[in-house]
Amino acid sequence: MHIHKFEQFWIKLSFVLIAFFIVTVVYGFVAMDLKVIGDHATIDPQNLADTKFGNPGVREVTRNGQTEYEVYVQTIQFAFNPGTAQPIVVPANTRVTFYITSPDVLHGFDVAGTNLNTMSIPGQVAKFTTIFPEVREYGIVCNEYCGPAHHVMEGKIKVVPKSEFDKSNLVE
Amino acid sequence: MPEEKSNPTNNNESEKSWEERNPDIVREITIDEYQPYGTLTLTLIYFAIVALMWVFMYFVEFAGNAPSIID
Ligand SMILES: [Cu+2]
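Residues numbered from 1 in each chain as written. Chains lettered and ligands numbered in written order. Predicted model: local features only at pLDDT ≥ 70, side-chain atom pairs only at ≥ 80, totals over all residues. Heavy atoms only, no water.

### Regarding the overall build of chain A
- Each helix and strand counted, chain A has one helix and eleven strands in total.
- Of the regular secondary structure in chain A, the N- to C-terminal order runs α-β-β-β-β-β-β-β-β-β-β-β.
- In terms of C-alpha radius of gyration, chain A reaches 21 Å, well past the compact-globule figure of 16 Å for 172 residues.
- Each of the three principal axes of chain A carries a C-alpha extent, and together these read 75 × 40 × 25 Å.
- Across the 172 residues of chain A, 41% fall into the buried class.
- Within chain A, contacts between residues separated by at least 24 positions form 65% of all contacts whose residues are at least 6 apart in sequence.
- In the form shown here, chain A has an accessible surface area of approximately 9,300 Å², with 55% of it arising from carbon and sulfur atoms.
- When the 13 basic and 17 acidic side-chain charges of chain A are each reduced to a single mean position, those positions are 8 Å apart. (Helix = DSSP H or I, 4+ residues; strand = E, 2+ residues; numbered from the N terminus. Rg over C-alpha atoms; globule rule 2.2 N^0.38 Å. Buried < 20%, exposed > 50% of the residue type's maximum accessible area, 1.4 Å probe, protein only. Contact = heavy atoms within 4.5 Å. Areas by Shrake-Rupley, 256 points an atom, 1.4 Å probe, with all protein chains shown as cover. Lys, Arg positive; Asp, Glu negative; His and termini not counted. Charge placed at Lys NZ, Arg CZ, Asp CG, Glu CD.)

Shown next, in the form of structure tokens:
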């Protein structure tokens, strides 16, 4: 089959473009160290009470001699617990690890305007670690349709200066 | 571009060649003599736009959207 040379050229160019996409994605995950949510653990969604999710909130932990924080969040129809009734308060410039799961249906946990975004799946624990560099408030939105009041399901993360972080609200 | 003057499935016309059905064709060229530089230019512009938008979307909108997941 004879293919016109211009056509051959832009067919080749298409493959170059695909190779370029793949190279940039590989570069991002290798050289720029971008991360996405992996599969951390499974959990019985009927029995969250017996786990750390039974007492959700911010916990202080020491890892490698550093003070870090763990945040256990339950996503329920139609709230983040904690997050909706009271904001999740964490200190700035500190490693914070979120553990998120759902006792009822599929929800999303999207910290608006950031790359922090995960699904919250019944039976699965989503885990991610981040550092909030600035003192400010972030909104959390549910971005997976979860029922009739899905559109009002939202919460808040309040990032406070390290020195002003109130440890009396931590959970055990 | 010359227009086809008849449908080749039309019985009385189907015996004739394409040239006979299109007598106003002045010059026939081979496929490689046909050089659509305008189409080539447009294609290159589209490719440049797609590549630029990808770089913007991936490196600025996605990778630059801190705070990100670090672990
Ligand atoms: Cu939801």
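Next, the rest of the story.
### What about the sheet that holds strand S7 (residues 107-111) of chain A?
Residue and element names in this part refer to chain A.
- Taken in spatial order, the five strands of this open sheet run S5-S11-S10-S7-S8, and their pairing is mixed. What marks the edges here is a single partner per strand, and that holds for strand S5 (88-91) and strand S8 (117-120). Strand-to-strand twist in this sheet, taken as the mean axis angle between neighbours without regard to direction, amounts to 20°.
- Looking at chain direction, S7 and S8 are connected through four bridges and run antiparallel. Residue pairing for S8: Asp 110 is matched across the bridge by Asn 117. (Pairing = 2+ DSSP bridges. Axes fitted to C-alpha atoms, helices over the stretch in contact; angles between N-to-C directions.)

### Let's talk about the UniProt feature "transmembrane region" (unreviewed entry) in chain A
- This chain's UniProt record puts "transmembrane region" (unreviewed entry) on residues 9-30 of chain A.
- Between the end C-alpha atoms of residues 9-30 of chain A the distance is 31 Å, and the span holds 100% helix and 0% strand. (UniProt positions renumbered as here; feature names shortened; annotations may be inferred.)

### Comments concerning the nonpolar core
Residue and element names in this part refer to chain A.
- Ile 88, Val 90, Phe 98, Phe 109 and Ile 157 are the most contacted members of the largest nonpolar core, which totals 28 residues.
- Of all the elements in the fold, those that place two or more residues in this core are strand S3 (66-76), S5, strand S6 (95-101), S7, strand S9 (124-131), strand S10 (137-141) and strand S11 (154-160).
- Look past the residues within four positions of Ile 157 in its chain and what remains in contact with it is Ile 88, Val 90, Phe 98, Phe 109, Val 111, Phe 132, Arg 136, Glu 137, Tyr 138 and Ile 140. (Core = buried A, V, L, I, M, F, W, Y, C linked by side-chain atoms within 4.5 Å.)

### Quick look at the pattern of salt bridges
- Within this structure, the stated rule accounts for seven salt bridges over all chains.
- Close ionic contact of Arg 95 of chain A with Asp 71 of chain B constitutes a salt bridge, the shortest N to O distance being 3.1 Å. Taken together, the positions of Arg 95 of chain A in strand S6 and Asp 71 of chain B in the segment after helix H2 (37-62) put the pair across two chains.
- Here the salt bridges do not stand alone but share partners, grouping Lys 52, Arg 63, Glu 68, Glu 70 and Arg 95 of chain A together with Asp 71 of chain B into one network. (Salt bridge = Lys/Arg side-chain N within 4 Å of Asp/Glu carboxyl O.)

### Here's the deal with the packing of helix H1 (residues 5-30) of chain A against H2 of chain B
- Packing of H1 of chain A against H2 of chain B leaves a shortest axis separation of 11 Å and a crossing angle of 5°. What the angle tells us is that H1 of chain A and H2 of chain B run roughly parallel.
- Residue classes in the contact of H1 of chain A with H2 of chain B are distributed as 20 nonpolar, five polar and no charged. (Parallel < 35°, antiparallel > 145°, perpendicular 65-115°, else oblique. Nonpolar A, V, L, I, M, F, W, Y, C, P; charged D, E, K, R; others polar.)

### Some details on the coordination of the copper ion
- Summarising the metal site, the copper ion is bound by the protein donors His 107 of chain A (ND1), Cys 142 of chain A (SG), Cys 146 of chain A (SG) and Met 153 of chain A (SD), whose distances to it range over 2.1 to 2.3 Å.
- The coordination sphere of the copper ion comprises four donor atoms, whose angles at the metal cover 98 to 122°; the geometry is tetrahedral. (Donors = N, O, S within 2.8 Å, 3.2 Å for Na, K, Ca; no water. Tetrahedral: all angles 85-135°; square planar, octahedral: opposite > 155°, others 65-115°.)

### Digging into H2 of chain B
- Under the 1.5 Å per step criterion, the end-to-end length of H2 of chain B is 36 Å for 26 residues, consistent within 8% with the ideal 38 Å.
- Buried residues of H2 of chain B: Leu 40, Thr 43, Phe 47, Trp 54 and Tyr 58 of chain B, and no others.
- As for H2 of chain B, its buried residues are in contact with H1 of chain A. (Expected span 1.5 Å × (residues − 1).)

### Considering the environment of Ser 14 of chain A
Residues and elements named next belong to chain A.
- Its location among the elements puts Ser 14 in helix H1.
- Judged by relative accessible area, Ser 14 falls into the partly exposed class, the value being 29%.
- Reaching out from Ser 14, the side chain makes a polar contact with the backbone oxygen of Trp 10 at a distance of 2.8 Å. (Polar contact = N/O pair within 3.5 Å; in protein donor to acceptor, adjacent residues only side chain to side chain.)

### Some words on the interface of chain B and chain A
- Taken together, the contact between chain B and chain A spans 26 residues of the former and 32 residues of the latter.
- Of the roughly 2,800 Å² buried between chain B and chain A on both sides combined, carbon and sulfur atoms contribute 70%.
- When the buried surface of chain B facing chain A is broken down by residue, Phe 47, Pro 67 and Ile 69 of chain B rank first, second and third, together holding 26% of it.
- Counting every contact that joins chain B to chain A gives one salt bridge.
- At the surface where chain B touches chain A, the tally comes to 16 residue pairs in polar contact (both at pLDDT 80 or more).
- Class assignment for the residues of the side of chain B that touches chain A results in 19 nonpolar, five polar and two charged. (Buried area = accessible area lost by both parts, 1.4 Å probe.)

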